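Geometric and topological summary
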Amino acid sequence: MATPRATPKQLQFKLVLLGESAVGKSSLVLRFVKDQFDDYRESTIGAAFLTQTVKLDEQTQVKFEIWDTAGQERYKSLAPMYYRNANCAVVVYDITQPQSLEKAKSWIRELQRQADPNIVIALAGNKADLATTRRAVPREEAERYAEEEKLLFLETSAKDSTNVSELFALIARKLPLESAANAQKRGGGGAAAGGGAAGGAAGVDLRRGQQGAAQGGGQDACQC
Ligand SMILES: Nc1nc2c(ncn2[C@@H]2O[C@H](COP(=O)(O)OP(=O)(O)OP(=O)(O)O)[C@@H](O)[C@H]2O)c(=O)[nH]1
Ligand SMILES: [Mg+2]
């Protein structure tokens, strides 16, 4: 008789995307979740919520609950709602726009001061497909900064898919999988930093607190 296969354990983590408007946060999420890209994307209003699951090995799946925040300045005050209790953050800049790296650094300082001390932070230099024609931020400069601040770092392209799944896989591997599994066993349901708030409850609360219509399509997606 065949041995029944153990069901893989699924660990949930809350991930927030931050960065200046138009650097490609929503495009990175769209590439990661649906493997699509739009040349003309509307700027995000408030924030959008999506989920995606990554298989780490035969026994472990990581489910990312993704809050894609709006980069426009008028939404800045909403950001703490999304990064509070986040287990991981992707801070995005555009390699063709040096000021977007300065903005990314200011988000990173804010996360280091205000977010959970154990948050895993990745810096993503997006639009790498434009590197040969329009690069304005040397890769080494961002890489050196990321090293100094102990951040994960990759240059990505939502347009041609470069390093998009790699970015999320890198984050998944750096998450505290052991303690998340133990918390889940104890009935926590989620693996959130600061007391199990990465699960659905945090999402529901945030969505209730926001205006906005549900994004059509995905069952696990909304524009909040
Ligand atoms: N060439 C290139 N263009 C990209 C890439 N990623 C995004 N874009 C384009 O950049 C523009 C802005 O992308 P969005 O994903 O909407 O940017 P965002 O950071 O979500 O912007 P906000 O929602 O306003 O904060 C869109 O026209 C995208 O098509 C990329 O990797 N390469
Ligand atoms: Mg957006």
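Everything discussed here concerns the structure shown above.
Overview of the structure. Since this is a predicted model, take the numbers as computed values, not measurements.

Helices and strands together make up the secondary structure of the protein, namely 8 helices and 7 strands. The burial tally for the protein puts 42% of its 224 residues in the buried class. Put simply, 70% of the contacts in the protein that link residues at least 6 apart link residues at least 24 apart.

Among the residues of helix α6 (residues 164–174), those classed as buried are Val164, Leu167, Phe168, Ile171 and Ala172. The buried residues of α6 occupy one face: seen down the axis, they fall within an arc of 135°. Where α6 is buried, its residues contact α1 (25–34), β2 (47–57), β3 (60–69), β4 (88–94), β5 (120–126) and β6 (152–155).

Next up on the list: the pairing of β5. Counting buried residues along β5, 7 of its 7 residues qualify, which places the element largely inside the surrounding structure. The alternating pattern of β5 places Val120, Ala122, Ala124 and Asn126 on one face and Ile121, Leu123 and Gly125 on the opposite face, and all of these are buried. Taken together, the 7 bridges between β4 and β5 define a ladder with parallel strand orientation. By the bridge assignment, Asp94 is partnered in β5 with Asn126. Regarding topology, helix α3 (residues 98–114) serves as the crossover connection from β4 to the parallel β5, and that connection is right-handed. Strand direction decides the pairing type here: β5 and β6, joined by 4 bridges, are parallel. When the bridges of β6 are listed, Ala122 appears paired with Leu152.

Okay, the site of ligand 1 next. Around ligand 1 sit 24 residues, and of these Gly24, Ser27, Ser43, Thr44 and Gly71 come closest. Take the shell around ligand 1: its biggest share by element is 3 residues, from α1. Looking at the shell around ligand 1 residue by residue, the class counts come to 6 nonpolar, 11 polar and 7 charged.

It is worth spelling out unusual backbone geometry at this point. In this model, Asp35 sits at a positive phi of 55°, which is unusual for a non-glycine residue. With respect to the secondary-structure elements, Asp35 resides in the loop between α1 and β2. Overall, Asp35 belongs to the exposed group, with 10 C-beta atoms counted inside 10 Å. Despite not being glycine, Lys127 shows a phi value in the positive range, around 70°. Mapped onto the elements, Lys127 comes out in the loop between β5 and α4 (131–134).

Our next topic: the environment of Val54. Position of Val54 among the secondary structure elements: in strand β2. You can call Val54 partly exposed: it has 17 C-beta atoms within 10 Å. Each C-alpha atom of the pair Val54 and Phe168 lies 8.1 Å from the other, and the pair is 114 residues apart in sequence. Apart from residues no more than four positions distant in its own chain, Val54 is found in contact with Gln61, Val62, Phe64, Phe168, Ala169 and Ala172.

The next point concerns the nonpolar core. Side chains of nonpolar character tend, in soluble globular proteins, to be buried together. Ranked by internal contacts, the top residues of the largest apolar core, which has 57 residues, are Ala89 and Val91. Those residues in contact with Ala89, other than ones at most four positions away along the chain, are Leu15, Val16, Leu18, Tyr83, Leu111, Ala115, Ile119 and Ile121.

Criteria and thresholds
Residues numbered from 1 in each chain as written. Chains lettered and ligands numbered in written order. Predicted model: local features only at pLDDT ≥ 70, side-chain atom pairs only at ≥ 80, totals over all residues. Helix = DSSP H or I, 4+ residues; strand = E, 2+ residues; numbered from the N terminus. Buried ≥ 20, exposed ≤ 12 C-beta atoms within 10 Å, placed from the backbone. Contact = placed C-beta atoms within 7 Å. Arc of directions from axis to C-beta. Pairing = 2+ DSSP bridges. Right-handed = clockwise from strand over helix to strand, strands pointing away. Near = placed C-beta within 6 Å. Nonpolar A, V, L, I, M, F, W, Y, C, P; charged D, E, K, R; others polar. Core = buried A, V, L, I, M, F, W, Y, C linked by C-beta atoms within 7 Å.

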